[in-house]
Amino acid sequence: MVVPVLVLWLATAAAVALAALGGAMLAPLMPLGAAFAVAIALLGGAERRATAAGAVLALASLGFALARAHRRGGVGASPAGSFRLGLPVVLVAVLVGAAVAAALPSGNRADPRTLRPRPVTSVAELDPLAQVRGQLTASPPRRLGTVTLASSTGRLPVDRVTTAVLGDFDGASWRNHDAYLSAGTTLPRDADGGLATNGPTVTVRAHVTIDRLDTPLLPVVGRPIRLSGVPAAFDPRTGTLVHTAAASSYQYQLAATVPTPGAGRLADAVPGSGPDLARYQTIPPGLPPALVQVAARATAGARTAYAELTALQRFLRDPAAFPYDLAGRPGHSYGSLTRLLTSDDPREGHSYAEQHAAAFALLARIKGFPSRIAVGYLLGPDTAGGRGVFTLSQARAHAWPEVYLAGIGWTPFEPTDTSRLSHSEPPDTASTAAGGMASAPTPTPPSPPSPPKLSAIPRLDQSHSGAGQQARQLAVAVLVALAALLALLPLAIVSEKARRRRRRAGPPGQRVAAAWQEARDRLSEWGVRLVRSRSASEVVGDAAALGPPVIEPLGLLEPLLSRALYSRQDAAEADAARAWELVDLLRRRLREQGSWPRRLRAALDPRPLLGPRAARSGAASGPGEAGRTRGVRLRGVRLRAAAGRSGA
């Protein structure tokens, strides 16, 4: 909010100052147009809202220009004629501009944080994939926290949360070498360059409570677009987050989008391509030829790209060839995967999510698919915390591969049997499979955890947290608007007063009348009421309460005004100069007799801008009324002395 509010404040202040100074007719609109352009660049992706806001801004701007042109006498002889001519032109210009803006292609959101990134380097030392086994074998497994979910459809589009995404493979390990940038509330939607999806998506809002997490990696759902509640850094390419606070327990809220392609679209999908995906298709040197043969054998008979991926998934889920076993050999390098996929020793086939995810990702790259590995947690059952509340536990730590499909985005696959995540074979089971002697029966594996209920989460429009967040956003917007108004009001008052002080131009008679009006404005700031029916001598009497030092310049100025208004001869240049000398003296005397708080109140007093009030019914007219009938308009500082003289 800091950048938008600052830009809005500066643009409004500049527009008010330019309007007060006068000059070019369209000059006050330039700061507002620049601020709107900055807003469009920073908030790209909301094209419909931007078009509507642009149309409203254009209508208001052209209406302002029309009114200002009429005041200058440049559009017509009368207000009716001006608006009959100008309003159709304004409306047509706005409609044409809005139509053209809606038809133009829109770009991605600009993120100033990418201009000078501040990377979080500590994350590069982590190996989340190697930590999966340690969490699954923890005894007892530790509860990490909860995730409360609500979606735009009322159904759960995912059954897992992601903490890390690994797309860089060097033949020995999978890592993520991207830089994490300092994150604000709004996260980039299309930070992957040309990797934006164009299919159906579901909006998900998550409230995450972490009891204890030994890594700075934050659990996220889908592609995060908004974050609040925790200081964090964001990886724009992978959509992952790390917290930057020294705390092991915290809460945060995020909103995310999740692609939901249909079965037909998946069946027709093709692998993505382009420079943005080159890193996810890279195969490092030293690839064993045997792995190329395994990829060809596993996908034999598949006729479509998606069929090849599902064939790889079935191949690695075969319990006879690759039984799930946390006691299997760890690792995901070329050597580890070659032993897993090509060895004749049944013991080498015992494996778990680390090897299955790495094998799938590598075999997919061999077949030409952009792939990467995601690490996180499967969502636990939502029976303990209420509707839409899921448990995060070490017992559900997991890793899985993702493949980028053109137009769909990163799509997860599951080459691992997730019903036995904590299962380990006894040490003698593998020996028996190789011809050894069994010494004890195999214990019964634990019951598989209950899967999350896919239709038991609140809809976003029914979510209390969502309504609360909208109410908070509205309250913040109202407070910001009020704060901006309070900040700009004094500036507007001071600017308008400064503009009105520039009344020293024109014929001498007009300058004398302007000097009297300036004196009345200054008196009103110090408590003297402005009433149209009061004559000059009566105004001097009203100011008597301010003391003799103030009465003296007023008493000398009153005869000059009377001569300028009622004399048959034009006012002399010396009278105009003397009138403004007396006004300057009056201003000094007023400042000298008041404290600085009183002087500040006078400077910010808006009463001179409101004009004098009309006399109440039944009040005596007095000489002031007679002066107005003779053609004198003091408030507009226009002196029509000629009319007064001709009537005399």
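As the structure is a prediction and not an experimental result, all values here were calculated from the model.

(A) View of a nonpolar patch on the surface. Together, Leu6, Trp9 and Leu10 line one region of the surface with nonpolar side chains, adding up to about 280 Å² of accessible area. Within the secondary structure, Leu10 sits in helix H1 (residues 2-21).

(B) Structural view of the sheet that holds strand E15 (residues 409-412). The strand order E2-E12-E14-E15 describes an open sheet built from 4 strands, whose pairing is antiparallel. Looking along the sheet, the strands with just one partner apiece sit at the ends: strand E2 (160-166) and E15. Looking at each pair of strands side by side, their axes are set apart by 40° on average, direction ignored. Both strand E12 (residues 371-378) and strand E14 (residues 397-405) contribute to a ladder of 7 bridges, which runs antiparallel. Residue pairing across strands places Arg372 opposite Glu402, the latter belonging to E14. Helix H10 (residues 353-366) rests against E12 and E14 of the sheet, and its axis sits at about 10° to E14.

(C) Spotlight on the pairing of strand E9 (residues 232-235). Residues Ala232 and Phe234 point to one face of E9 and Ala233 and Asp235 to the other, with burial holding for every one of them. For strand E5 (residues 181-182) and E9, the ladder comprises 2 bridges, and the chain directions are antiparallel. Residue pairing across strands places Ser182 opposite Ala233, the latter belonging to E9. As paired elements, E9 and strand E10 (residues 240-243) share 4 bridges and run antiparallel to each other. Within E10, the residue paired with Phe234 across the bridge is Leu241. Between E9 and E10, which follow one another and run antiparallel, lie 4 residues, and Gly239 among them has a positive phi close to 75°.

(D) Layout of helix H8 (residues 305-316). Between its first and last C-alpha, H8 extends 17 Å over 12 residues, near the 16 Å set by a 1.5 Å rise per residue. If you follow the buried residues of H8, they end up packed against helix H7 (289-298), helix H9 (334-342), H10 and E14.

(E) Main features of the packing of aromatic side chains. Applying the stated criterion across every chain yields a total of 8 aromatic pairs. Arranged with centres 4.6 Å apart and planes meeting at 15°, the rings of Phe169 and Trp174 form a pair that is stacked. Assessed through its relative accessible area of 7%, Phe169 is described here as buried. Relative to Phe322, the ring of Phe315 has its centre 5.3 Å away and its plane inclined at 70°; by these criteria the two rings are edge-to-face. Assessed through its relative accessible area of 6%, Phe322 is described here as buried.

What counts, and at which threshold
Residues numbered from 1 in each chain as written. Predicted model: local features only at pLDDT ≥ 70, side-chain atom pairs only at ≥ 80, totals over all residues. Heavy atoms only, no water. Patch = residues over 30% accessible without salt bridge, like charges linked within 9 Å, V, L, I, M, F, W, Y side chains within 5 Å. Areas by Shrake-Rupley, 256 points an atom, 1.4 Å probe, with all protein chains shown as cover. Salt bridge = Lys/Arg side-chain N within 4 Å of Asp/Glu carboxyl O. Helix = DSSP H or I, 4+ residues; strand = E, 2+ residues; numbered from the N terminus. Pairing = 2+ DSSP bridges. Axes fitted to C-alpha atoms, helices over the stretch in contact; angles between N-to-C directions. Contact = heavy atoms within 4.5 Å. Buried < 20%, exposed > 50% of the residue type's maximum accessible area, 1.4 Å probe, protein only. Expected span 1.5 Å × (residues − 1). Phe/Tyr/Trp six-rings, centres within 6.5 Å; stacked < 30°, edge-to-face > 60°.

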